[in-house]
Amino acid sequence: MKTIPVFVMALLISACSDLGVKPWDRDILAREEMQLNHDPIEASLDDHIYFSKEASSGGRGFGGGGCGCN
Amino acid sequence: MKVIQNVAMTSIIRTKLLWVLLLTHLPLLAMEKTDAPPAPPLILQSDQGEILLSDYRGKVILLDFWASWCGPCRLSFPWMNDLQTRYTDDQLVIIAVNLDKDGEASRGFLKEIPANFIIAYDPEGTSAETMKVIGMPMSYLIDRKGCVRQSLIGFNDIKKAIHEAHIRALLEEPLNSTNL
Amino acid sequence: MQLKKHNTMKRVKRLNTREAKKIGPALAAATCGVLGIASTPALAQGEPGTWDFDVANLYYAESDSRVTAVEPVFSATRYFSDDRQLNLKAVFDTLTGASPNGATPSDQVQTFTRTSGGQTYDVEANDAPLYDGFRDTRVALSASWLAPLNREWEYTASVYGSSEFDYTSIGTGGTIKRYLNNKNTALNTGLFVSFDTVNPPNGTPPPLAEMARIARNDSDDSKTIIDALFGVTQVINRQTIMQLNYSLSQSSGYLNDAYQLLSVIDLNPGLNYGGNFQVGGNNVYLYEARPDSRMKHSIYWQTKYALENGDVIDGSYRFMLDDWGINSHTFDFRYRWDLGGSYIEPHFRYYMQSKADFYQRYIGSDEYSAGNLTEATADYRLGDMDALTVGMKFGWKLKNNKEINTRIEYYLQRNTGDNGVGLLRAQDLYPDNRAIIFQVGYSF
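Residues numbered from 1 in each chain as written. Chains lettered and ligands numbered in written order. Predicted model: local features only at pLDDT ≥ 70, side-chain atom pairs only at ≥ 80, totals over all residues. Heavy atoms only, no water.

Here we look at the side chain of His-297 of chain C
Residue and element names in this part refer to chain C.
So, step 1. Tracing the backbone shows His-297 in strand 18 (residues 293-306).
So, step 2. Under the relative-accessibility criterion, His-297 is labelled buried at 14%.
So, step 3. There is a polar contact of 2.9 Å between the side chain of His-297 and the side chain of Tyr-246. (Helix = DSSP H or I, 4+ residues; strand = E, 2+ residues; numbered from the N terminus. Buried < 20%, exposed > 50% of the residue type's maximum accessible area, 1.4 Å probe, protein only. Polar contact = N/O pair within 3.5 Å; in protein donor to acceptor, adjacent residues only side chain to side chain.)

What follows is the structure in structure tokens.
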């Protein structure tokens, strides 16, 4: 079961080699609001709320640490 | 008779010596060729009109590629200003090619951080493509003979020191040297 | 020649940090590539020797006298030379109010003990049984270090610790990132290990033990959590970037909620059909029992797309599957409406989960008498549910890359399940959980 996602990732990685932009075309991507996790404080506060009220957690990243709330 | 013989001997010896010199420097020749290709004949648009890299033959050129949105570029400008001031007499020319698509962004940047070196504009990025720029900022050192000797990707304290050491080395190379 | 040599001996003038404007988060270095991990420091590279600070306060309040939380956060990032940075964060969490204890409401007054063999509290007839022992303050501290090894490799290392009156957690972990294709692709892998200790007042109750019969005990229990992450980040084109992560989380040890109960409901025909099952004139409630291990798998996909006008769309989907039988889907969508010096960002999130295999709203008296039950929980957080968050965030960019922002959101959670029999059908077994989320933040 675990090998399937790794295999899919490997396929994706090889497909990814054709995508992308030249280094000087990264103007838009350099903007703060285009960063994948541009507001880590809000993300971790939300993660804490949803971890306390629902059964799922994480996905985006991890290392938030535990609490007695779930 | 003896004089003529001596002259003949000296010229034979000189020829032999020249051959020896050439042969021993052949490997160096080969190295130089792969390490230092001639700079492409770039034509750049600057505020002062069209400029060619060959206009500065005989001087050491620091050719830098930058954009207003690039964080390390902001850090590199004061350093380049400083370099230009200190080494103008030693014939260092800095040409910083701006790759912003938006002209306003670059002018805004220059208002905040004025430059005392040449700024060129290439919104299409053709010169960056020709120079095979692989990161931002990226700079190239071109020696007095017009060959690209070093490239540097990114900018931070360590890179700054390395690059300056290379610049000093190139500035110390005279234009007409017996070393190739 | 001599003069030149002398000049070169002169020290390079030290860059005056005030001359070069502080970069802050506004300009992300292209040479740094892309980062997408919640716990690591924010992407942007500030100038070496400078600090970036972020302070925020979250206010979370549920309706119907349920939980209220106030959570201030302080985060500081220090930039070092050569693109290295250190982030320090402190979070304080004060919780008040009450939370469902898992029992079903009844047409009679119900009495519960606070903790194993502790004081009692009453719940009125027809009221949702809520346990109000959550006057709690939690402190969490974390530190995270990020550094490149060279142009292609980057790593982070972090430590975490938190403490509240009945729970402590410590953890450590790291990530390694490899850039490819001229930094258009990044492969990320990480591992985080955490060790938590649960020590409620009067100890942890044995699984499925009867509430009335539990005496004080000194047990405390622990759990170990190992999280692993494998991710790919890919620049699609000049306006689009995506991330795909696969994560695993293995928890083992004491996974119960020490305060959660299940009501035993009388299934014998008669006047009390559907009412609380009684033994010796007292209602029977059992403490919950969950398995002692849990393995979760998640796939998370996020896309950010910039429009011509400067607006940004951010959408993500997460699928979670675990060995408790729960699977969930999370859809998250944000639209940043760029107004130049400020922005408005509507936010929408939809979540749904299916219940755990051992979830049941109550235990039937037949099941209780048979005594075969090994695992059961009535914790609504492990039941069938869906939830909607709708909100709006406002931000104002100030001089020198400072920003003030605020967001207000409404969270509505609906739980569903078996509606019970007899007397129980008259009760609302699955009240909606409604909450307001309000946050104010300042970066400087």
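Considering the interface of chain C and chain A
So, step 1. Contact with chain C, which involves 104 residues of that partner, is made by 56 residues of chain A.
So, step 2. Both sides together, the interface formed by chain C and chain A hides about 6,700 Å², and carbon and sulfur atoms give 57% of it.
So, step 3. Close ionic contact of Arg-334 of chain C with Glu-42 of chain A constitutes a salt bridge, the shortest N to O distance being 2.9 Å.
So, step 4. Applying the counting rule to chain C against chain A returns 30 residue pairs in polar contact (both at pLDDT 80 or more).
So, step 5. Top contributing element to the side of chain C that touches chain A by residue count: strand 12 (residues 221-237) of chain C, with 12 residues.
So, step 6. Broken down by class, the residue content of the side of chain C that touches chain A amounts to 47 nonpolar, 31 polar and 26 charged. (Contact = heavy atoms within 4.5 Å. Buried area = accessible area lost by both parts, 1.4 Å probe. Salt bridge = Lys/Arg side-chain N within 4 Å of Asp/Glu carboxyl O. Nonpolar A, V, L, I, M, F, W, Y, C, P; charged D, E, K, R; others polar.)

Things to note about the packing of helix 2 (residues 71-87) of chain B against helix 5 (residues 157-172) of chain B
All names here are of chain B.
So, step 1. Close contact between helix 2 and helix 5 brings their axes to 12 Å; oriented N to C, the two are set at 20°. Considered as vectors, helix 2 and helix 5 are oriented roughly parallel to each other. The element helix 2 and its partner helix 5 pack so that their crossing is right-handed. In contact with Trp-79, Leu-83, Arg-86 and Tyr-87 of helix 2, helix 5 contributes Lys-160, His-163, Glu-164, Ile-167, Arg-168 and Leu-171. (Axes fitted to C-alpha atoms, helices over the stretch in contact; angles between N-to-C directions. Parallel < 35°, antiparallel > 145°, perpendicular 65-115°, else oblique. Left-handed = near helix turned anticlockwise from the far one by under 90°.)

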